[in-house]
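As a plain string of letters, each chain reads:
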Amino acid sequence: MAKVIVTCAVTGSVHTPSMSPFLPVTPEQIATAAIEAAVAGASVVHLHARNPENGQPTQDPAVYQKFLPAIIEASDVVINITTGGSPILPLGERLKPALVFQPEIASLNMGSMNFGMYEMLGRFKDFRHEWERPYLENSDDLVFRNTFRDIAHILKSCSETGTRFEIECYDIGHLYTAAHFVDRGLIMPPLFIQSVFGTRGGIGVHFEDIAMMRRTADRLFGRDYHWSVLGTGRAQIPVATMAAAIGGNVRVGLEDSLWDAPGKLATSNAAQVRRIRTILEALSLEVATPDETRQLLKLKGRGAIRIAV
């Protein structure tokens, strides 16, 4: 069996700062979280940025510049920059960091979708910043936009710089969209398919959902892809464990879940990496190093990233 790629998504754009004191917000916190995750065994760090004053998601390259050099200087972990950014941001803004820094990997959602975050208001009541509550409340009328034209634009723009993709598939139809872009010659193998389970608006977290995603991807892509999974919230570790047991790679991190156990907040991204690494090793699986990940995914190498350290 191939070694398992462990991705850590350290902050994301779904959770808000008032939900957890451990959610990285400032550039220093994001850099520290990414470095600690790498030390714990993460092969890849998936990165978003936040306004350091209030924690609001931002795709300002100037904010990324404040933490990317520190990560690269301290670690050889693979850098993955989001093009999703936040579901409320326009495409041009979401794409800027990937174009400026030309990372080894950029994430790319395979379609427009309803993106509901409002149910978190049932658990979290008190918010420190004015933007947090309406950000969640208004998501019952929120569509994350990635049309076929948008996806083609991102693929063409980033591929020109040698960036490859974490192809995020929130439902079965997204796999078919990925296959469509393979047929058009805009995605080249090996693909890195990230199946996302548990987002309101996407596929669920039942084992049959996971198995169906795997069967469909196998049928569409054969041996030309590497499959990874993430589960949201309390499903994070169970979904990762099920997927790893049937040959998948895994993603953890505070972007996807704030929790370490029922009712217990995870104190760091590294804690989640250590937990899933323990499970992988109990399954007699080995975690891929960053360089092994580069080889598996045919990445251009960290030296090709445009970041001044």
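Residues numbered from 1 in each chain as written. Predicted model: local features only at pLDDT ≥ 70, side-chain atom pairs only at ≥ 80, totals over all residues. Heavy atoms only, no water.

A. How the structure looks around the pattern of salt bridges. Under the criterion given, the structure shown has 14 salt bridges. Two residues, Glu104 and Arg294, come together in a salt bridge whose shortest N-O distance is 2.9 Å. Here Glu104, found in the loop between helix H4 (91-101) and strand E6 (105-109), pairs with Arg294, found in helix H11 (residues 290-297); they are 190 residues apart in sequence, far enough to count as distant. On the accessibility criterion, Glu104 (0% relative accessible area) is buried. Arg294 is the partner of Asp291 in a salt bridge, and the nearest nitrogen-oxygen pair spans 2.9 Å. Taken together, the positions of Asp291 and Arg294, both in helix H11 and three residues apart, correspond to about one turn of that helix. A single salt-bridge network, built from bridges that share partners, covers Glu166, Glu168, Arg251, Glu255 and Asp256. (Salt bridge = Lys/Arg side-chain N within 4 Å of Asp/Glu carboxyl O. Helix = DSSP H or I, 4+ residues; strand = E, 2+ residues; numbered from the N terminus. Buried < 20%, exposed > 50% of the residue type's maximum accessible area, 1.4 Å probe, protein only.)

B. Quick peek at the pairing of strand E10 (residues 191-197). Most of E10 is tucked away: seven of the seven residues are buried. Taking every second residue as pointing to the same face, both faces of E10 are buried, with Leu191, Ile193, Ser195 and Phe197 on one and Phe192, Gln194 and Val196 on the other. Where the polypeptide runs from strand E9 (residues 164-169) across helix H7 (residues 172-183) and back to E10, its parallel neighbour, the crossover connection is right-handed. Where E10 and strand E11 (residues 225-231) come together, seven bridges link them in parallel fashion. The residue of E11 that forms the bridge with Leu191 is Tyr225. On the question of chirality, the crossover connecting E10 to the parallel E11 by way of helix H8 (residues 207-221) is right-handed. (Right-handed = clockwise from strand over helix to strand, strands pointing away. Pairing = 2+ DSSP bridges.)

C. View of the nonpolar core. Counting residues in hydrophobic clusters, the biggest one holds 38 residues, and the most contacted among them are Leu47, Phe67, Leu68, Ile79 and Leu280. A total of seven residues in this core trace back to one element, the largest contributor, which is helix H1 (residues 27-40). Apart from the residues within four sequence positions on either side, Leu47 is in contact with Val10, Ile30, Ala34, Tyr64, Phe67, Leu68, Ile71, Ile79, Asn80, Ile81 and Thr82. Counting 35 residues, the second-largest nonpolar core is a separate cluster that includes Ala98, Leu191, Ala217 and Ala243. (Core = buried A, V, L, I, M, F, W, Y, C linked by side-chain atoms within 4.5 Å. Contact = heavy atoms within 4.5 Å.)

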